[in-house]
2 protein chains.
Amino acid sequence: MTTAQRPTLEAVARRAGVSRATVSRVVNGSTTVAEPIQEAVRRAVAELGYVPNLAARSLVTQRTDSIALVLPEEATRVFSDDQVFPSIIRGAAQELEAADKQLVLMLAGSPAGHDRVERYTTGRHVDGVLFASLHGADPLPGRLARLGIPVVCSGRMLGDVPVPYVDVDHVGGVTAAVRHLVDGGRRRIATIAGPQDMVAGVERLNGYRQAVQAAGLPELVAVGDFTRESGAAAMRQLLDRDPDLDGVFAASDLMAHAAMRTLRATGRRVPDDVAVIGFDDIETAAYTDPPLTTVRQPILELGRRGTRQLLRLAAGETIEPSVVLPTELVLRDSA
Amino acid sequence: MTTAQRPTLEAVARRAGVSRATVSRVVNGSTTVAEPIQEAVRRAVAELGYVPNLAARSLVTQRTDSIALVLPEEATRVFSDDQVFPSIIRGAAQELEAADKQLVLMLAGSPAGHDRVERYTTGRHVDGVLFASLHGADPLPGRLARLGIPVVCSGRMLGDVPVPYVDVDHVGGVTAAVRHLVDGGRRRIATIAGPQDMVAGVERLNGYRQAVQAAGLPELVAVGDFTRESGAAAMRQLLDRDPDLDGVFAASDLMAHAAMRTLRATGRRVPDDVAVIGFDDIETAAYTDPPLTTVRQPILELGRRGTRQLLRLAAGETIEPSVVLPTELVLRDSA
DNA sequence: TTGTATGCGTTATCAT
DNA sequence: ATGATAACGCATACAA
């Protein structure tokens, strides 16, 4: 820890024999500086190993060139083997890379984490905030928006919050899935729903309800939380209630995977006895046994679009209050 | 974008009828302020919705209370379905949560990203930097360390760089794996090695070489890059060179998984004909067919320890130049 | 084209 | 216990 005193603009200016202003101009790429002087400044910068102090810079520019991606989840959950969050992160990272902005990832599962996020974002440490995976009616996005901080939600918020969002067409995807089951002759179609405090959970259940009703079929619902464990439990519950069910739509691939294992454990064949369709199209969906038919959601694109919208907003543009991306049924062997 | 002018200390001070200094004291929890005044200040803060400007604060305190986790990888790679990086992130997030510091995640796969990381970290935007997954001999960690910026590497660096690190006991784990194969009567033991520009790849191959030599057995090596695809290709290569091999140690679970599939595709049974052992113990290792025997590395703990070391370093403490965490052979059915 | 001077919002050092 | 006041390092309006 020598903590060598870092050279400042002032030091570079002295070394190059010019004023601070001129050094600043060169460092920031102004074209109005004579070439020989630019050269001298650049040499001084290199010799001293000068690096601008970003805090000082953003204090005066009122910009930080970094944006926050907030995941109001426990880290354990964010990086479970469902690739949803990672994909959103990737999408955001790609767009920010292109814009040469810095990604600040904030995990806010705990109340303390939530507070820290609030301090950090309201403290103007970032130029904008992208939220993902909101549970219930988190007040933070609305609060930030009211403070004039650019905010976009990836995944619509529950409740009636005036924050722009991007989301996927949950209902359309589920409708296609259920219709496929019906077309395949299934008549006792159950669903393993997602958590009902998240839009993704609510919407996919809505889609299921609408679709089975439209087909004149009965509803059979068990609720999980998108994880494998909850999927297995829900599947057992459904079998208890209707041992003769012949189709299952699970609101996540992880739950679908667990459901297939549970079905097999009870001696049922997939898809011969029971057809199973998932939602997400995670990477391993093609490797399950049998390969999983599922609804693909463009989750990477969700992260990208959300980020693009946010960057536009932060740049002062007016953006659409909502963007909805299409989903697509991917046929494999499980249904 | 109303961008309401954010209230400053000055505004709060006027409102509360005190000086800026006093407001600052209250905001920062100084005890030397009379209770009634504290009360008045707090009310003013609440009424105005005052939030400290972090840039201004860190400009004077020279601290940012945030640390960077740098992953010199493409986002696509970081969030592949191997859970190594996510676990490191989780570990770091947990420790920082406890320390009430902010995690800044930086993906630096591209040269541009690498530059951005350098600007950001040398720009004093963070109090310390934790590197993970270094390829080849990245000069950045050493450079930052020389600038007096606290740096720790999660995973030892290739080359002889004087940067403190934490890593797992690769050789010990591999030795246990190969010994288990030998004890099981295997005599033609191959390895699918990891990328040779990373310590994890190099060390695991070293471990394999030492172990088979110690057992008086021949070497059989193919090199992959930890991914499934490379594992399948390497397995085919190995079978071409020795169709009668009876044991495989793969340097990652993903490669082991692909190897098992490839073996089955060629009509071989696992473990009857060929025993397979992986490395990592990712979550899905227990769900492969057959469940994968593998070397567990405490990857979450690696992230945690690295972060703890970094925090100590940033606090001015002297830390051990290296910390090595134990690995453990987990017996399942594939070997 | 270059330099001077000012302010960004804090914290910290002094007095009082 | 509280209040002036001086940094902190930079960008920029204005002057030259």
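Since this is a predicted model, take the numbers as computed values, not measurements.

Q: How should I be thinking about the overall build of chain A in this particular structure?
A: Looking only at helices and strands, one finds 13 helices and 12 strands in chain A. Rg of the C-alpha trace for chain A: 26 Å, well past the compact-globule value of 20 Å for 335 residues, more than 25% over. Seen through its C-alpha atoms, chain A measures out along the principal axes to roughly 85 × 40 × 35 Å. Counting only residues that meet the buried cut, chain A has 56% of its 335 residues in that class. Carbon and sulfur atoms make up 50% of the accessible area of chain A, which amounts to about 13,700 Å² in all. Placing the 37 positive and 41 negative side-chain charges of chain A at their respective mean positions leaves the two points 6 Å apart.

Q: Explain the protein's contact with DNA strand D here, please?
A: Taken together, 28 residues lie around DNA strand D, and A:Leu9, A:Tyr50, B:Thr22, B:Ala34 and B:Ile37 are the ones closest in. A distance of 3.2 Å separates a phosphate oxygen of DNA strand D from a polar atom in the backbone of A:Asn53. Looking at the surface near DNA strand D, the elements with two or more residues in it are helix 2 (20–27) and helix 4 (54–61) of chain A together with helix 2 (20–27) and helix 4 (54–61) of chain B. Tallied by class, residues from the surface near DNA strand D come to 14 nonpolar, 9 polar and 5 charged.

Q: Before we go on, may I ask you to explain unusual backbone geometry in this structure?
A: Leaving glycine out, the prevailing phi sign among residues is negative, and the prevailing peptide bond configuration is trans. Residues and elements named next belong to chain A. The omega torsion across Val270 and Pro271 is 10°, close enough to zero to call that bond cis. Following the sequence through the fold, Pro271 ends up in the loop between helix 12 (253–265) and strand 9 (275–280). Pro290 follows Asp289 through a cis peptide bond whose omega is 0°. Positionally, Pro290 belongs in the loop between strand 9 and strand 10 (293–296). The phi dihedral of Asp100 is positive, around 55°, even though this residue is not glycine. Inspection of the secondary structure assignment puts Asp100 in the loop between helix 6 (84–99) and strand 2 (102–107). In this structure, Asp281 takes a positive phi of about 60° despite not being glycine. Relative to the helices and strands, Asp281 resides in the loop between strand 9 and strand 10.

Q: Sorry if this is basic, but what is going on with the interface of chain B and chain A here?
A: By a frequent convention, interface size equals the accessible area lost on bringing the separate parts together. Each partner contributes to the interface: chain B provides 54 residues, whereas chain A provides 53 residues. Note on chain B versus chain A: buried area summed over both sides is about 5,000 Å², and carbon and sulfur give 54% of it. Contact with chain A buries surface across chain B, with B:Phe79, B:Gln102 and B:Arg116 losing the most and accounting together for 12% of the total. Counting across the interface, chain B meets chain A through 6 salt bridges.

Q: Please explain the protein's contact with DNA strand C as it appears in this structure.
A: Close to DNA strand C lie 29 residues, the nearest being A:Thr22, A:Arg25, A:Ala34, B:Leu9 and B:Ser24. Each atom of DNA strand C within 4 Å of the protein was classed as base or backbone; sugar and phosphate made up 66%. Contacts to DNA strand C include B:Arg20, whose side-chain N or O atom sits 3.5 Å from a base oxygen. One nitrogen or oxygen atom from the side chain of B:Ser24 is found 2.5 Å from a phosphate oxygen belonging to DNA strand C. For the surface near DNA strand C, the elements supplying multiple residues, two or more each, are helix 2 and helix 4 of chain A together with helix 2 and helix 4 of chain B. In terms of residue count, helix 4 of chain B provides more of the surface near DNA strand C than any other element does, 5 residues in total. The class makeup of the residues in the surface near DNA strand C is 15 nonpolar, 9 polar and 5 charged.

Q: Where do I start with the sheet that holds strand 3 (residues 129–132) of chain B in this structure?
A: Pairing between sheet strands relies on hydrogen bonds along the backbone, with the strands arranged either parallel or antiparallel. All names here are of chain B. Read across the open sheet, the 6 strands follow the order 2-1-3-4-5-11; overall the sheet is parallel. Every interior strand has two partners, whereas the edge strands, strand 2 (102–107) and strand 11 (322–325), have only one. For this sheet the average axis-to-axis angle between neighbouring strands, irrespective of direction, equals 20°. Inspection of the sheet shows strand 4 (residues 151–154) paired to strand 5 (residues 165–168) by 2 bridges, in the parallel sense. Within strand 5, the residue paired with Ser154 across the bridge is Val166.

Q: What should I look at first to understand the sheet that holds strand 2 of chain A in this one?
A: All names here are of chain A. Here we have 6 strands laid out as an open sheet, ordered 2-1-3-4-5-11, and parallel in their pairing. Either end of the sheet is taken by a strand with one partner, and the two such strands are strand 2 and strand 11 (322–325). This sheet shows a mean twist of 20° between the axes of neighbouring strands, independent of strand direction. Where helix 7 (residues 111–122) meets the sheet, it contacts strand 1 (66–71), strand 2 and strand 3 (129–132), and its direction lies at approximately 155° from that of strand 2.

Q: It is not clear to me how the UniProt feature "domain: HTH lacI-type" (unreviewed entry) in chain A should be interpreted in this structure. Could you clarify?
A: Per the UniProt record, "domain: HTH lacI-type" (unreviewed entry) is annotated on residues 7–61 of chain A. Measuring from the first to the last C-alpha atom of residues 7–61 of chain A gives 20 Å, for a span that is 69% helix and 0% strand.

Q: Before we go on, may I ask you to explain the pairing of strand 1 of chain A in this structure?
A: On a regular strand, each side chain points to the face opposite its neighbour's, so the side chains alternate between the two faces of the sheet. Residue and element names in this part refer to chain A. Burial analysis of strand 1 places 6 of its 6 residues in the buried class, which makes it a mostly covered element. Of the two faces of strand 1, the one carrying Ser66, Ala68 and Val70 and the one carrying Ile67, Leu69 and Leu71 are both buried. Both strand 1 and strand 2 contribute to a ladder of 6 bridges, which runs parallel. Residue Ala68 lies in a different strand from strand 2, and its bridge partner there is Val104.

Analysis parameters
- Residues numbered from 1 in each chain as written.
- Chains lettered and ligands numbered in written order.
- Predicted model: local features only at pLDDT ≥ 70, side-chain atom pairs only at ≥ 80, totals over all residues.
- Heavy atoms only, no water.
- Helix = DSSP H or I, 4+ residues; strand = E, 2+ residues; numbered from the N terminus.
- Rg over C-alpha atoms; globule rule 2.2 N^0.38 Å.
- Buried < 20%, exposed > 50% of the residue type's maximum accessible area, 1.4 Å probe, protein only.
- Areas by Shrake-Rupley, 256 points an atom, 1.4 Å probe, with all protein chains shown as cover.
- Lys, Arg positive; Asp, Glu negative; His and termini not counted.
- Charge placed at Lys NZ, Arg CZ, Asp CG, Glu CD.
- Near = heavy atom within 4 Å.
- Polar contact = N/O pair within 3.5 Å; in protein donor to acceptor, adjacent residues only side chain to side chain.
- Nonpolar A, V, L, I, M, F, W, Y, C, P; charged D, E, K, R; others polar.
- Contact = heavy atoms within 4.5 Å.
- Buried area = accessible area lost by both parts, 1.4 Å probe.
- Salt bridge = Lys/Arg side-chain N within 4 Å of Asp/Glu carboxyl O.
- Pairing = 2+ DSSP bridges.
- Axes fitted to C-alpha atoms, helices over the stretch in contact; angles between N-to-C directions.
- UniProt positions renumbered as here; feature names shortened; annotations may be inferred.

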